[in-house]
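Listed below are the residues making up each chain.
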Amino acid sequence: MVYADYDFYCNEYFGQAIEEADFPRLALHASQYIDYITQGRARPCMEEVKMCCCALAEQYQTIETAQALAQKSLSAGAGDGAEVQSETVGSWSRSYRSGGDSAQAASQAAEAGRSVLLDTARRYLTNTGLLYRGGRRFW
């Protein structure tokens with residue numbers, strides 16, 4: 001179940017980062033993550049869940065962009081679309097970043113984006129009780 005639609009994203013969350021065509025896919029990933037961390041207890045009528053879905057959808061867009069950049073960097077070779085690392089004008093010189101370096105940087109960005117998912121969800125769902133996993137705390 002997808003917890004937020006594009007209308008909610010634009011008019012209630014005031015999001016602008018995601019295009020309408022991409023939102024259903026990203027919101028589905030976000031909703032599946034919400035179901036995972038709440039053990040399926042989230043309800044679409046909760047405002048916090050909808051807001052969390054929108055925030056996570058934006059985070060998933062960041063992850064997808066980083067992964068696409070990593071894939072592009074791996075397939076590019078020096079001179080034919082590879083990323084320029086530095087250029088010097090006097091006695092002209094140009095050096096390229098290897099595809100592996102660019103891919104590694106993009107992969108690290110994607111991993112950093114994934115690590116932010118739980119923090120993003122906590123920001124919206126902490127006071128709802130949906131993140132409670134049971135058990136007792138001993139202080």
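See the structure shown above.
Residues numbered from 1 in each chain as written. Predicted model: local features only at pLDDT ≥ 70, side-chain atom pairs only at ≥ 80, totals over all residues. Heavy atoms only, no water.

So, on to the state of the cysteines. Summed over the entire model, instances satisfying the criterion amount to zero disulfides. Left unpaired, Cys53 is separated from the closest cysteine sulfur, that of Cys54, by 5.6 Å. (Disulfide = S-S within 2.5 Å.)

Let us now look at the side chain of Thr38. Topologically, Thr38 is positioned in the loop between helix H2 (23-37) and helix H3 (47-75). The class for Thr38 is buried, based on a relative accessible area of 0%. There is a polar contact of 2.7 Å between the side chain of Thr38 and the backbone oxygen of Ile34. The residues touching Thr38, leaving out its near neighbours within four places in the chain, are Leu125, Leu130 and Leu131. (Helix = DSSP H or I, 4+ residues; strand = E, 2+ residues; numbered from the N terminus. Buried < 20%, exposed > 50% of the residue type's maximum accessible area, 1.4 Å probe, protein only. Polar contact = N/O pair within 3.5 Å; in protein donor to acceptor, adjacent residues only side chain to side chain. Contact = heavy atoms within 4.5 Å.)

If you look at the biggest cluster of nonpolar residues, it comprises 27 residues, and the most contacted ones within it are Phe23, Ile34 and Leu56. For this core, the secondary structure elements donating two or more residues are helix H1 (6-11), H2, H3 and helix H4 (99-125). The element that contributes the greatest number of residues to this core is H3, accounting for nine residues. For Phe23, the residues in contact, after removing those within four places along its chain, are Ala4, Asp5, Tyr6, Tyr9, Ile18, Cys54 and Ala57. (Core = buried A, V, L, I, M, F, W, Y, C linked by side-chain atoms within 4.5 Å.)

As far as function goes, none of this settles anything; it's purely spatial.
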